[in-house]
Amino acid sequence: MTDLIYVNGGTPLNGSITVRGAKNFVSKAMVAALLGETPSELRNVPDIRDVHVVSGLLELHGVKVDYDVKAGVLKLDPSNVETAHMADIDAHAGASRIPILFCGPLLHRLGGCRIGDRPIDFHLSILRQFGAVVDKRENGIFLSAPNGLKGTKIELPYPSVGATEQLLMTAVRAEGITELSNAAVEPEILDLINVLQKMGAIITVRTDRVIRIEGVPVLKGYSHTALADRIEAASWASAALATRGDIFVKGATQPEMTAFLNTFRKVGGEFEIQDDGIRFFHPGGELKPIVLETDVHPGFMTDWQQPLVVALTQATGLSIVHETVYENRFGFTDALNGMGAQIQVYKECLGGTECRFGQRNFHHSAVIAGPTPLVARDIVVPDLRGGFSHLIAALAAEGRSSVKGIQLIDRGYENFMGKLEALGAKFEMA
Ligand code: EPU
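A short tour of the structure in this document, coming up.

The rules we used
- Each chain carries its own residue numbering, running from 1 in the written order of its sequence.
- In view of the model being predicted, local features appear only for residues whose pLDDT reaches at least 70, and side-chain atom pairs are presented and counted only at 80 or more, with totals across whole chains, interfaces and linings using the full set of residues.
- Hydrogens and waters are ignored; side-chain quantities use all the structure's heavy atoms.
- Each aromatic pair joins two rings of Phe, Tyr and Trp (for Trp, the six-membered one) with centres within 6.5 Å, and gets the label stacked for planes under 30 degrees apart, edge-to-face for over 60, and tilted for any other angle.
- Where helices and strands are cited, they refer to DSSP runs of H or I of at least four residues and of E of at least two residues respectively, numbered from the N terminus.
- Type-normalised accessible area, obtained with a 1.4 Å probe on protein chains alone, sets the label of each residue: buried when under 20%, exposed when over 50%, and partly exposed for intermediate values.
- Throughout this document, a residue counts as near a molecule or strand when at least one of its heavy atoms sits within 4 Å of that molecule or strand.
- The definition of a polar contact used here is a pair of N or O atoms within 3.5 Å, where within protein one atom must be able to donate a hydrogen and the other to accept one, and adjacent residues in sequence count solely through side-chain atom pairs.
- Only the protein chains shown count as cover for residues, and all accessible areas are computed by the Shrake-Rupley method using a 1.4 Å probe.
- Whether two residues are in contact is decided by their heavy atoms, any of which lying within 4.5 Å being enough.
- Here, nonpolar core means buried Ala, Val, Leu, Ile, Met, Phe, Trp, Tyr and Cys residues that are tied together by side-chain atoms lying within 4.5 Å of each other.
- One bridge is not enough; two strands pair if DSSP finds at least two bridges between them.
- Every axis in this analysis is a line fitted to C-alpha atoms, fitted for helices over the stretch in contact. Angles between the N-to-C directions lie between 0 and 180 degrees.

Okay, the packing of aromatic side chains next. Throughout the structure, instances matching the rule amount to 9 aromatic pairs. Seen from their ring centres, Phe 260 and Phe 280 are 6.3 Å apart, and the 75° between their planes marks the pair as edge-to-face. Taken together, the residues Phe 260 in helix H9 (residues 258-267) and Phe 280 in strand S16 (residues 277-281) connect sequence positions 20 residues apart. Here the two residues Phe 260 and Phe 280 agree in accessibility, since each one is buried.

The next thing to look at is the environment of Leu 219. Examined against the element boundaries, Leu 219 turns out to sit in the loop between strand S12 (211-214) and strand S13 (223-225). Expressed as a C-alpha distance, the spacing of Leu 219 and Ala 174, which sit 45 residues apart in the sequence, is 11 Å.

Bringing the site of the ligand into the picture now. If you check the shell around the ligand, you find 22 residues, and the closest are Lys 28, Arg 97, Ser 160, Val 161 and Gly 162. At a separation of 2.6 Å, an oxygen atom of the ligand approaches a polar side-chain atom of Ser 160. Side-chain polar atom of Asp 303 to an oxygen atom of the ligand: 2.8 Å apart, as the coordinates give it. Contact with the protein chains hides 84% of the accessible area of the ligand, taken as 820 Å² for the molecule alone. At the level of elements, helix H1 (23-32), helix H5 (121-129), helix H6 (161-171), helix H10 (302-312) and helix H12 (384-396) are the ones that each hand at least two residues to the shell around the ligand.

Our next topic: the side chain of Ser 402. Here Ser 402 lies in strand S22 (residues 399-404). A polar contact of 2.9 Å, which involves the side chain of Ser 402, links it to the side chain of Asp 378. Excluding its chain neighbours within four sequence positions, the residues that come into contact with Ser 402 are Leu 4, Ile 5, Tyr 6, Arg 377, Asp 378 and Ile 379.

Residues Phe 25, Leu 42, Leu 143 and Leu 196 are the most contacted members of the largest nonpolar core, which totals 74 residues. Among all residues touching Leu 143, those that are not within four sequence positions of it are Cys 103, Leu 107, Gly 111, Gly 112, Cys 113, Ile 115, Leu 124, Leu 127, Val 133 and Val 134.

For the rest of this paragraph, the subject is the sheet that holds strand S17 (residues 291-293). Read from one edge to the other, the open sheet built from 4 strands follows the order S17-S18-S20-S19, with strand pairing classed as mixed. What marks the edges here is a single partner per strand, and that holds for S17 and strand S19 (342-346). Between one strand and the next, the sheet's axes are offset by a mean angle of 15°, whatever the strand orientation. The sheet contacts of H10 involve S17, strand S18 (317-322), S19 and strand S20 (365-370), and relative to S18 the element is tilted by about 170°.

Turning to the sheet that holds strand S23 (residues 426-429), a few remarks are in order. Taken in spatial order, the 4 strands of this open sheet run S21-S22-S1-S23, and their pairing is mixed. On the outer flanks of this sheet lie strand S21 (378-380) and S23, each paired with one strand and no other. Averaged over all neighbouring strand pairs, the angle between strand axes comes to 20°, with direction disregarded. The sheet contact formed by strand S1 (residues 4-9) and S22 spans 6 bridges and is antiparallel. Bridging from a neighbouring strand, Leu 4 pairs with Lys 404 of S22.

See the structure below:
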């Protein structure tokens, strides 16, 4: 696949596209298959690079992977799980943090796990509390469980998605009871709990975000259809708004998107919820500015923020966005300013409550002044979500932009060029 495309913007995106399973669930459900004694089957699996990366990592650990890409069906047979070499894991995983999630399951299956160095402090602390021995060496981290893993009580300093998943996948087969306070309860996590329950786990989620797990000695494989990718759905919704278009996102579901839908409506976008998807459209007229804060579920997701900011450049007035999940998610606004947007970033917590980044040196609030016509520019994609947002900006901008680094986008957006074509976007590959 080429890494550079030329986009002729200024045309509304109109038509229908399909989203399949959520990247941030599918990759974890694939790892969960390691916990079962028998094969698992996952359906609605999107053809994105992250799925291929995790498939490769599972194969390195002896799992037999059979992926029917077109049907979206993934069969995983973990009967012969084995240790993999760290160099192979690192070469295969790149910067992905998924390898750390292999550790709980592998400690149960093999008594050991090796990973390279990544920002995983919450994860290591959790594994230690279960009784794992963490040995940091020059070339990576070696984990072992000489006395098995035992249930424990843990309170997260922040409701981290990955740390909650780590805990779930470690606790389900640990001896005794585990209680996690301040857990994250994103829909992708709840669907992982569905999968684990199908495998034989006993997990209770309380309304105060305490998760209680009663360990069981053995789990079996699962058969499951993945929940829809609400980040991809919201990305296309924002593309409809920014280009004054009309997009039916087949497969999008309402319950996981209520916070996004409320905000979309407040900005002036309209939507129609149907049985098989959601139609998002720009009704004409002016868009309205908003004050928005990202948060953990059931709040407004951090991954929805970047594409929506592109649409906010077209709203009449000042919008304020306070990013409270990640400290550094406004870097993508530089390129937007280069296209004519007026976005100013601040270190202060603007427009909402004080967050944990408030007294530190992070530009984590943004003020967006609109409407600003966007003009074409040469863009280099910085990362997955920022990259898709740049692409939306190029599609909304008058003139011909070049967008370089689009391979980063196919990490999480299935067949996005095919979808752009279906929506009438004008672009060429270099
Ligand atoms: N954090 C730590 N230490 C840790 C783990 C997390 O300090 O050991 C911090 C992070 O730096 C961040 C905050 O905790 O400031 C929240 O991170 P979290 O652990 O919740 O995120 P994650 O599990 O690494 C997943 C998704 C992200 C999504 C976030 C929040 C996957 C593979 N990734 O990341 O998705 O933004 O939850 O919903 O599930 C994406 O899809 O592009 C993406 C980045």
